[in-house]
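# Understanding the architecture of this molecule
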Amino acid sequence: MTSYVIEADGGSRGNPGPAGYGAVVRDAADGQVLAETAEAIGVATNNVAEYRGLIAGLRAVLDLAGEGASVAVRMDSKLVIEQMAGRWKIKNEGLRPLALEAGELARRLRVTEWTWIPRHRNGHADRLANEAMDAAAKGLAWKAGGTTASGTGTPGASGVPGGGAAGAPTPGTTLSAAGAPGLAEQTDLLDVAEAAPPGTLAADLSGPAASVAAAQQRATGQAKGTGWAPPTRVATSLLLLRHGETPLSVERRFSGLGDAELTANGLAQAAAAARRLSREPYHLDAVVSSPLKRARQTAEAVARSAGLDIDVDEDLRETDFGAWEGHTFTEIQRRWPAELDAWLADPDVPPPGGESFAEVAARVRRAEERLVERYEGRTVLVVSHVTPIKTLLRLALMAPPEALYRMHLDLACLSLIEHYADGRSVVKSFNDTSHLR
């Protein structure tokens, strides 16, 4: 019995703005494209367009194979995937009718998986969505095979196998009439920034990608937002605050699960952070802390100033350094030279009796997912330690585990990550200590 794969996507040039969706149906066995569909849907948000893409893909499978067909759904919208899988609640009432419609269609099929995939693996559906939006901008309707016809408002049609016309762009890149990436592809350029080497942010990129994005912004008068994406998206902001100074940090000793308290200087650093975060442009909705005392003391200073309670998340604790707790790097190098070399060479290797960076990353990722879901669209102060904060930054940048060794975080520094509903994360600031000067 044939099984199918749906790849669907949607986009909005302005969010809300001119929007469209695309969906592809493949044979699960060999990946052959069996159907394509796309449509411009007028002014809508990204999430609405993504749900419309899913609905179109489900309908295409029903048209192709009928009731009960086995299908796997793959999208780069974490919000749609998690809501359809039942793991996230639907908080936006505007999306509820679309989710119900998609659910009714899915129940007529046999959906074997709801899987989030990175944007670069969803290039075909993304291309179709952009083709539909490009066509609508010219007063044309999208046609299967990458061609367009005169007219507006014509529904998207399921297409035959074969993809775009000769000379069509590589999947994931929609070309405008001038041959430059379309406006909706500014978020693809943002993906380039996220995948750049540690320490390279969007603002530091140069070359053709940056030139194209800058030229498009000048041509359209579009305001700068996060990276090159439109500024109208609502983000879940994680402000990451490292705790203040402790006696172990003064002596540059490994400080993991040991419950050191802040020094007088550490308390002053926490108070400085609290003063900064109580002023514009900051508006904290929640304060979440590691359970360790040095983090909680830092969090308490901010929470008092903001009039908030503190939530404690065990997964935000520092690495368990095992036998190395309280030792300096030099002491460890002398007593455990082989173990230290192995630890520095492989994130899966723990200190003797301790915890590996890979294990830390797994629990920090869990904490991040909880925070982004629980505080969707709000600003959360996360008070933690060097390794968890570096890990959150590394994950946001899509950097390898080795990037941990290429970052430096000062005591009581602030960093900022913005998480978007489509699964993207953007590092907006790093190791900011201006409040301590």
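Residues numbered from 1 in each chain as written. Predicted model: local features only at pLDDT ≥ 70, side-chain atom pairs only at ≥ 80, totals over all residues. Heavy atoms only, no water.

- The name given to the chain in an unreviewed UniProt entry is Putative phosphoglycerate mutase, and the organism recorded there is Nonomuraea muscovyensis.

## Looking at helix H9 (residues 293–306)
- Given a rise of 1.5 Å per residue, 14 residues ought to cover 20 Å, and the 20 Å separating the end C-alpha atoms of H9 matches this to within 8%.
- For H9, the complete set of buried residues consists of Arg 294, Ala 295, Gln 297, Thr 298, Ala 299, Ala 301, Val 302 and Ala 303.
- If you follow the buried residues of H9, they end up packed against strand E8 (236–242), helix H8 (264–277), strand E9 (286–289), strand E10 (310–312) and strand E11 (379–384).
- One or two residues past the end of H9 sits Gly 307, with phi positive at roughly 70 degrees. (Helix = DSSP H or I, 4+ residues; strand = E, 2+ residues; numbered from the N terminus. Expected span 1.5 Å × (residues − 1). Buried < 20%, exposed > 50% of the residue type's maximum accessible area, 1.4 Å probe, protein only. Contact = heavy atoms within 4.5 Å.)

## A closer look at the packing of aromatic side chains
- Going through the model one piece at a time under the given rule, you end up with eight aromatic pairs.
- Ring geometry for Trp 324 against Trp 343: centres 5.2 Å apart, planes inclined by 85 degrees, an arrangement best described as edge-to-face. Pair noted here: Trp 324 is in the loop between E10 and helix H10 (329–335) and Trp 343 is in helix H11 (residues 337–345), with a separation of 19 residues, a long-range link. Each member of the pair, Trp 324 as well as Trp 343, is classed as buried. (Phe/Tyr/Trp six-rings, centres within 6.5 Å; stacked < 30°, edge-to-face > 60°.)

## Some thoughts on the nonpolar core
- Within the largest apolar cluster, 32 residues are counted, with the highest numbers of intra-cluster contacts made by Tyr 51, Leu 54, Leu 58, Val 61 and Val 73.
- At the level of elements, strand E1 (3–12), strand E2 (17–27), strand E3 (33–44), helix H1 (46–65), strand E4 (70–75), helix H2 (78–84) and helix H3 (96–107) are the ones that each hand at least two residues to this core.
- Each residue touching Tyr 51, except ones within four places of it in the same chain, is listed here: Leu 79, Val 80, Gln 83, Met 84, Leu 95, Leu 98 and Ala 99. (Core = buried A, V, L, I, M, F, W, Y, C linked by side-chain atoms within 4.5 Å.)

## Some details on the sheet that holds E11
- Spatially, six strands are ordered E10-E9-E11-E8-E12-E13 in an open sheet, and the strand pairing comes out mixed. Looking at the sheet topology across the chains shown, the edges are occupied by E10 and strand E13 (425–432). On average, each strand axis in the sheet is tilted by 20 degrees relative to the strand beside it, whichever way the strands run.
- Examined bridge by bridge, E9 and E10 share three bridges and lie parallel to one another. Residue pairing across strands places Val 287 opposite Ile 310, the latter belonging to E10. (Pairing = 2+ DSSP bridges. Axes fitted to C-alpha atoms, helices over the stretch in contact; angles between N-to-C directions.)

## Quick look at the sheet that holds E1
- Ordered by their spatial adjacency, five strands build an open sheet running E3-E2-E1-E4-E5, and the pairing between neighbours is mixed. Among the strands making up the open sheet, the edge pair consists of E3 and strand E5 (110–116). Neighbour to neighbour, the strand axes of the sheet diverge by 15 degrees on average, direction disregarded.
- In terms of strand pairing, E2 meets E3 through 10 bridges, oriented antiparallel. Across the sheet, the residue bridging to Gly 17 is Ala 44, located in E3.
- Across the sheet, H1 is in contact with E1, E2, E3, E4 and E5; its angle to E1 comes to roughly 155 degrees.

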